[in-house]
Amino acid sequence: MSRAKPYRSKPTRDFMIYYDIALQSRYYLVQENGPTKLTLEASNRKKYKISVGSEISCSCGGGRTEHCVHTIYSLMKIFRIREGDPLIWQLSFTDSELEKILESRERQVLRNRTGYQEWSAQYNNVED
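Cut-off values and rules
- Residues numbered from 1 in each chain as written.
- Predicted model: local features only at pLDDT ≥ 70, side-chain atom pairs only at ≥ 80, totals over all residues.
- Heavy atoms only, no water.
- Pairing = 2+ DSSP bridges.
- Helix = DSSP H or I, 4+ residues; strand = E, 2+ residues; numbered from the N terminus.
- Salt bridge = Lys/Arg side-chain N within 4 Å of Asp/Glu carboxyl O.
- Buried < 20%, exposed > 50% of the residue type's maximum accessible area, 1.4 Å probe, protein only.
- Core = buried A, V, L, I, M, F, W, Y, C linked by side-chain atoms within 4.5 Å.
- Contact = heavy atoms within 4.5 Å.
- Phe/Tyr/Trp six-rings, centres within 6.5 Å; stacked < 30°, edge-to-face > 60°.

S.K.: Can you tell me about the pairing of strand E1 (residues 28-32), naming the residues and giving the values?
M.R.: Relative to strand E2 (residues 37-41), E1 runs antiparallel, the two being bridged by four bridges. Bridging from a neighbouring strand, Leu-29 pairs with Leu-40 of E2. Here E1 hands over to E2 after four residues, with Gly-34 in that stretch at a positive phi of 95°.

Structure follows, in C-alpha cells:
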C-alpha cells in the first residue's frame, strides 16, 4: 500500500518542538484497542485516543497536518521507535513500515515479560 501522506525526509520545526515536549511528558497507557489503537491518560486524568496506521491521529486533533505531543509520545514510548529514525516524524505509514513497528513492539513486550518472569522467579527464590 502506498503512503497516505507524503514522506518527510526530515522533521519539521513544529515536530521538533512537540518532540522536546514529549520527552519531558508522562502519560499512562490505560487501554489498547488492538495493536494500533490506544488510549493514554495524562496526570490531570484527561484521556487521548491515538491511532497509528495508514494515517496517525489523536483525539486532540494531532496527526492531521502535524504530530501532537501524544502521538509522538506513543511512537517513542509505546511503539519504541528510536530517536533519529525517520519513521517517527512520518504522518502515515506504509503496510511494511507498520508491520516493522508492530514486530518491534511485540519483541519489546516479550523481552519485558521474560525479564519480569526471571526477576520474579529469582525474587521468589530468595530466602529471608
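Moving on from the coordinates now.
S.K.: Tell me what's going on with the sheet that holds E2, and back it up with residues and numbers.
M.R.: Strand order in the open sheet formed by four strands is E1-E2-E3-E4, and the pairing between neighbours is antiparallel. A strand with exactly one partner marks an edge of an open sheet, and here the two such strands are E1 and strand E4 (57-58). Bridge count between E2 and strand E3 (residues 47-51): five bridges; the pairing is antiparallel. Across the sheet, the residue bridging to Lys-37 is Ser-51, located in E3.

S.K.: Outline unusual backbone geometry, supporting the account with residue identities and numerical values.
M.R.: One non-glycine residue, Arg-45, adopts positive backbone phi at about 75°. Mapping Arg-45 onto the fold places it in the loop between E2 and E3. A positive phi angle is found at Arg-80, which is not glycine, with a value near 60°. Its place among the elements puts Arg-80 in the loop between helix H2 (69-78) and helix H3 (95-124).

S.K.: For the pattern of salt bridges, give the residues involved together with the corresponding values.
M.R.: The full count for this structure, using the stated rule, is six salt bridges. A salt bridge links Arg-3 to Glu-97, with the nearest nitrogen and oxygen atoms 2.6 Å apart. With Arg-3 in the segment before helix H1 (13-24) and Glu-97 in helix H3, this pair connects stretches of sequence that are 94 residues apart. For Glu-97, a relative accessible area of 14% puts it in the buried group. The shortest N-O distance in the salt bridge between Glu-55 and Lys-5 comes to 3.7 Å. On the criterion of sequence distance, the pair formed by Glu-55 in the loop between E3 and E4 and Lys-5 in the segment before H1 is long-range, its members being 50 residues apart.

S.K.: Residue-level account of the nonpolar core, with values.
M.R.: Among the nonpolar cores identified, the biggest contains 27 residues, and Leu-75, Ile-88 and Phe-93 are the most heavily contacted of them. Looking at this core, the elements that each hand over two or more residues are H1, E2, E3, H2 and H3. Examining the composition of this core, we find that six residues originate from one element, H2, more than from any other. With residues up to four places along the chain from it excluded, the contact list for Phe-93 reads Arg-3, Val-52, Gly-53, Ser-54, Ile-56, Leu-75, Ile-81, Leu-87, Leu-98 and Ile-101.

S.K.: Which residues make up H2, and what values go with them?
M.R.: Counting buried positions over the 10 residues of H2 gives nine, a clear majority of the element. Positive phi shows up at Arg-80, right after H2, with a value of about 60°.

S.K.: Tell me about the packing of aromatic side chains, and name the residues and values.
M.R.: A full pass over the atoms with the stated rule returns three aromatic pairs. Considering the side-chain rings of Tyr-27 and Tyr-73, the 5.1 Å spacing of their centres and the 70° angle between planes classify their relative orientation as edge-to-face. Placement of the pair is Tyr-27 in the loop between H1 and E1 and Tyr-73 in helix H2, with a sequence separation of 46 residues. On the basis of relative accessibility, which here comes to 14%, the residue Tyr-27 falls in the buried class.

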